[in-house]
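Structural description and commentary
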Amino acid sequence: MTRSEDGMAEQLARFGVTEREAQVLSAVAERLRNREIADRLHVSVRTVESHIAALLRKLGATDRAALVDMGLRLRRADRTGPALPTPLTSLVGREKEMSELMALIDAHRLVTLIGPAGVGKTRLALRLAAVHTDPFPDGARLADLAPVKPELVEDTFARAFGVVSQPGWSLRDVLREMAGGMRGLLVVDNCEHVVGEAAEIVADLLNAGGRLRVLATSREPLGVPGEVSYQVQTLPVPPPRDASQAATAGDYDAVRLFLDRAATASPGFTLTDAIAPAVAALTQRLDGLPLAIELAASRMRSFGPVELVEHLDQRFELLSAGARTALPRQRTLRGAIDWSYQLLDDDERALFDRLGVFPADFDYQAARSVCETGRPGSSTVITLLPRLVDKSLVSATDLGSRRYRLLETIRAYAAERLAASGAEPATRRQHAAHYLALAERAAEQLRTPDQRAWLDRLTAEQPNLRAALTYSVASGDIESAWRSIAALQRFWDITGQRHEAHEWTRRTLAIGDPPATPVSVMGLTAASEILQPLDAQASFDLARQAERLSDGLDDLTRAVAIRAVGMSATWIQSELVLPALNQALPLFGDEHPWERSVTTLCLARSSHELDEALRWGRESVASFRRLGDHMYAANTLFIMAQRAMYAGVGDDEVHRWLAESRELAEASGSEDDQVHATVGFGLLAWLRGDHDHAARLMEGCLPILRRRGDQRCTGRALHMIGERAHEQGQHARAEELLRASIEVIVLAGQSVVLVGALETLAAVLTARNHPQQAAVLLGTAYAARESASAHMRPIQPPDEELRRSLVQVLGAGAFATAYGEGECLSPAQALRFTSSGQRDSSRPALT
């Protein structure tokens, strides 16, 4: 074949050589074997063999060596390099990233996109190269290193520039010469597995003196001087507030990507309000990772969004059907992460596996404590963790302090590897031990001026704390479980997580009977205290159990158990309260000032006489201030104000106590004490006659009280709002509110509220023409009033005018009968009798 090199491309076309056959010829010229050509072009070896046979026939070549020669002459004649591939699907979102990257590539000669597998680095780089053409008159070239071994990296760069080695010139020299005269953009894709070789060549090209710009993609930086690393983030996902409706969820790029790809897999698919929460949850669980979302969308042929979410615990099996034309590592979610994992050395893999034990983000100290292997000759966490960050398997966040996390998909992969490695039992033990120690340290610090910082820290660590407790319970480690409950009691109380505390208590009790040890006693008393506003009877039962187990133990343990009985007996056996508290107080002595202050706070709440209660309260406040426990100081001030108001005192001093309580609560970050202060201001406004303002304050804080599980204050708020509705003649609404108040207060215990709500409900039923039921409720209210401690009874006497009106309507005999029967009913029984379904009955059914 004797043609000029300038006409080689045209000649190939005249010989009927197809574009794919020309690509095979170019690869043959590089002396690639058939398997390597097949991998590069994503075809089978048999297809390559067929193309080579066609080339031999069409070009009249005698053998493969002749094809190599022809291919080399073609490549010398055409130095334009291969065209950038055109994606078959649209790029969704990434407007912000495109804008930022355009500015970066204009200002810097080397920009490297880094990020985890499947985050969309290649797609973003190719899009930028396709649209940002004005600064690059010589165009854009692509060097795809994905299928390349280290020894062929240089050849891949040569193909991108369309050059070959020449006599007397090394290929590297030819590349430098080409780069030195070029005003273009070189995209170097998938560098992570040949990062050293790629970095060396990129540095050479940039040092050649030309105006070449390089845009690289890798799971770790190249490490070339002047390199700017750009972290490609996952796509934004809807937060819970925007997840429930199609209009808001559809504004997020992760959802938009899912919709775009799902419509391809299942034509006609659209986002509706009914499925928006499931689609949002799917993108959240997949961390907004584009590859994972696209693979999930491809499953829409078989599953709906709700089913996809349900199957995500098997995500690696579920997301395993990508496009056949994609690289093998991009066809499945597991394959994408396998690619990164295989690039790690043994020490990096060991650390990565162990990081799978963390259910959420963690700090360096936790990683070192939990994951340090201690094997002779192994690298330490301080060396390995930054390397995993550099390789985009671990993300670093800086929210006041540096923390680390694995995307949920990567974490699930790491957890699988940990289970397979045989190191899981030891790693989980170390994880549980570390977070138990953290919880116990935090419990001490929550009593100090640093309490807000430690409250924030425990909030950040809560997923890890839950995982540690789960391990303790599942492994039957009853001692660690009770230690955790004791350590976390204050945190749960401050943050209003009483239902969770109750569940952990139930699960720990299910392990077996608590032994008679200080650990069990402290855990039981902690559980008793956290349950007081939720379930008074359950709280009392736990305290009595702790008291029995404390017999014969040390003074501190006994004192805490006895105090728990006093604290919890208020609404169950009030006669036990003061004897228990007075017995516990001297046992604490001067060695435990914080415990003594808690006991004096309890005395402020429980002492019969107001002067005595306020004396204990002032002592408690002063002590908590000295210790730096601003939350308990705030709580004590609220208790003092409440005691005064229950006695009918609503002066300026009470207002100052509430104002200081709120100020301390805000400074310490205690939402519980903040809302209690608001409740206090509502009580004060009511006492001063401003019932409208009082009801508005209670309506404002009611959602917070319900969310936090504070049944006692919830009942108080409902009572006041119901009382105001009754005053305004809104009797149906008043009945609903007062019934709700009684229902929650019966469990939590609060005599002042219970008696007041029962009596007001009786007045409401009278107004609604149900006099017999009203008389029953008055009897129940009288019994509740008489059984309460003197200081816990309402200061207002029973409504004698209401009583006289009911006697007049029913007659003295009928009233006395209904009233007497009401005295024998519990508040819950009285509610059931007076409900709408029972109002036609002439007599209550006593049980």
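Below is a short write-up of the structure. If you're wondering where the values come from, they're calculated on a predicted model, not measured in any experiment.

Brief notes about the overall build of the protein chain
- Per the secondary structure count, the protein chain includes 43 helices and seven strands.
- Computed over the C-alpha atoms, the radius of gyration of the protein chain is 37 Å, more than 25% above the 29 Å expected from 2.2 N^0.38 for a compact globule of 847 residues.
- Per-residue burial over the protein chain gives 53% buried out of 847 residues.
- For the protein chain, the computed accessible surface area is about 36100 Å², with 50% contributed by carbon and sulfur atoms.
- Placing the 95 positive and 109 negative side-chain charges of the protein chain at their respective mean positions leaves the two points 5 Å apart.

What about the pattern of salt bridges?
- A complete count under the given rule lists 47 salt bridges for this structure.
- We note a salt bridge from glutamate 294 to arginine 261, for which the minimum N-O separation is 2.9 Å. Remark: arginine 261 occurs in helix H12 (residues 253-265) and glutamate 294 occurs in helix H14 (residues 290-298); sequence separation between them is 33 residues.
- Here glutamate 294 falls in the partly exposed class, since its relative accessible area comes to 27%.
- Each member of the salt-bridge network shares a partner with another, and the members are Glu154, Arg172, Asp173, Arg176, Glu200 and Asp204.

Some thoughts on the sheet that holds strand E1 (residues 110-114)
- Sheet architecture is open: five strands sit in the order E2-E3-E4-E1-E5, paired in parallel fashion. A strand with exactly one partner marks an edge of an open sheet, and here the two such strands are strand E2 (140-144) and strand E5 (228-231). In this sheet, adjacent strand axes meet at a mean angle of 20 degrees when their direction is disregarded.
- Pairing geometry for E2 and strand E3 (residues 185-189), over five bridges, is parallel. Within E3, the position partnered with alanine 143 by the bridge is valine 188.

Focus: the nonpolar core
- Leu113, Phe258, Phe352, Leu355, Phe358, Phe362 and Trp492 are the most contacted members of the largest nonpolar core, which has 114 residues in total.
- In terms of residue count, helix H25 (residues 478-494) provides more of this core than any other element does, nine residues in total.
- Counting 72 residues, the second largest nonpolar core, distinct from the first, contains Leu683, Val744, Ala763 and Phe833.

Details of the pairing of strand E4 (residues 213-218)
- In terms of burial, E4 is a largely internal element, six of the six residues being buried.
- Both E1 and E4 contribute to a ladder of five bridges, which runs parallel. In the sheet register, isoleucine 114 faces E4, and the bridge partner there is serine 218.
- Relative to E4, E3 runs parallel, the two sharing four bridges. Across the sheet, residue leucine 186 finds its bridge partner in E4, namely valine 214.
- For the handedness criterion, the β-α-β arrangement of E3, helix H10 (residues 195-206) and E4 is classed as right-handed.

Some remarks on the packing of aromatic side chains
- Evaluation of the coordinates by the stated rule reveals eleven aromatic pairs.
- On the numbers, 6.5 Å between centres and 80 degrees between planes, the contact of phenylalanine 358 with tyrosine 435 is edge-to-face. Within this pair, whereas phenylalanine 358 is found in the loop between helix H18 (346-355) and helix H19 (364-371), its partner tyrosine 435 is found in helix H22 (residues 424-445), the two being separated by 77 residues in sequence.
- Residue classification places phenylalanine 358 among the buried residues on the basis of a relative accessible area of 2%.
- For tyrosine 435, a relative accessible area of 1% gives the class buried.
- Of the aromatic side chains, those joined through ring pairs into one cluster are Phe358, Phe362, Tyr404 and Tyr435.

Brief notes about the state of the cysteines
- Throughout the structure, instances matching the rule amount to zero disulfides.
- Cysteine 701 takes part in no disulfide bond, and the closest cysteine sulfur to it belongs to cysteine 713, at a distance of 7.9 Å.
- Residue classification places cysteine 713 among the buried positions, given a relative accessible area of 4%.

Digging into the side chain of arginine 213
- Mapping arginine 213 onto the fold places it in strand E4.
- Of the side chains with opposite charge, aspartate 106 comes closest to the buried, unpaired arginine 213, at an N-O distance of 6.2 Å.
- Only 3.0 Å separates the side chain of arginine 213 from the backbone oxygen of isoleucine 105, close enough to count as a polar contact.
- Within the local environment of arginine 213, its side chain forms a polar contact with the backbone oxygen of aspartate 106, the two atoms lying 3.3 Å apart.
- Setting aside chain neighbours within four positions, we find arginine 213 in contact with Ile105, Asp106, His108, Arg109, Phe136, Gly184, Leu185 and Leu186.

Observations concerning unusual backbone geometry
- A positive phi angle, near 60 degrees, is found at aspartate 287, a position not held by glycine.
- Backbone geometry places serine 392, a non-glycine residue, at a positive phi of 65 degrees.
- By secondary structure assignment, the location of serine 392 is in the loop between helix H20 (381-390) and strand E6 (395-398).
- On the basis of relative accessibility, which here comes to 6%, the residue serine 392 falls in the buried class.

With respect to helix H27 (residues 518-531)
- The terminal C-alpha atoms of H27 lie 20 Å apart, and with 14 residues this matches the ideal 20 Å at 1.5 Å per residue to within 8%.
- Buried residues dominate H27, accounting for eleven of its 14 residues.
- Here H27 has its buried residues at Ser520, Val521, Gly523, Leu524, Thr525, Ala526, Ala527, Ser528, Glu529, Ile530 and Leu531.
- Of the surrounding elements, those touching the buried residues of H27 are H25, helix H26 (498-509), helix H28 (536-550), helix H29 (555-568) and helix H33 (630-646).

A look at the environment of glycine 523
- Mapped onto the secondary structure, glycine 523 falls in helix H27.
- Owing to a relative accessible area of 0%, glycine 523 belongs among the buried residues under this scheme.
- In this structure the C-alpha to C-alpha distance between glycine 523 and arginine 483, which are 40 residues apart in sequence, comes to 6.1 Å.

Details of the packing of H33 against helix H35 (residues 671-687)
- Interaxial distance between H33 and H35 falls to 10 Å at its minimum, and their mutual angle equals 20 degrees. If you check the angle between H33 and H35, you find them roughly parallel. Handedness of the crossing formed by H33 with H35: left-handed. Contact with H33, carried on its side by Met631, Ala634, Asn635, Phe638 and Met645, involves Asp673, His676, Ala677, Gly680, Leu683, Leu684 and Leu687 of H35 and no other residues of that element.
- A breakdown of the residues in the contact of H33 with H35 according to their chemical character gives eight nonpolar, three polar and one charged.

Things to note about the pairing of E5
- The side-chain alternation of E5 yields one buried face, formed by Val228 and Tyr230, and one unburied face, formed by Ser229 and Gln231.
- Sheet topology places E1 next to E5; four bridges connect them, and they run parallel. When the bridges of E5 are listed, isoleucine 114 appears paired with glutamine 231.

Parameters and conventions
- Residues numbered from 1 in each chain as written.
- Predicted model: local features only at pLDDT ≥ 70, side-chain atom pairs only at ≥ 80, totals over all residues.
- Heavy atoms only, no water.
- Helix = DSSP H or I, 4+ residues; strand = E, 2+ residues; numbered from the N terminus.
- Rg over C-alpha atoms; globule rule 2.2 N^0.38 Å.
- Buried < 20%, exposed > 50% of the residue type's maximum accessible area, 1.4 Å probe, protein only.
- Areas by Shrake-Rupley, 256 points an atom, 1.4 Å probe, with all protein chains shown as cover.
- Lys, Arg positive; Asp, Glu negative; His and termini not counted.
- Charge placed at Lys NZ, Arg CZ, Asp CG, Glu CD.
- Salt bridge = Lys/Arg side-chain N within 4 Å of Asp/Glu carboxyl O.
- Pairing = 2+ DSSP bridges.
- Axes fitted to C-alpha atoms, helices over the stretch in contact; angles between N-to-C directions.
- Core = buried A, V, L, I, M, F, W, Y, C linked by side-chain atoms within 4.5 Å.
- Right-handed = clockwise from strand over helix to strand, strands pointing away.
- Phe/Tyr/Trp six-rings, centres within 6.5 Å; stacked < 30°, edge-to-face > 60°.
- Disulfide = S-S within 2.5 Å.
- Polar contact = N/O pair within 3.5 Å; in protein donor to acceptor, adjacent residues only side chain to side chain.
- Contact = heavy atoms within 4.5 Å.
- Expected span 1.5 Å × (residues − 1).
- Parallel < 35°, antiparallel > 145°, perpendicular 65-115°, else oblique.
- Left-handed = near helix turned anticlockwise from the far one by under 90°.
- Nonpolar A, V, L, I, M, F, W, Y, C, P; charged D, E, K, R; others polar.

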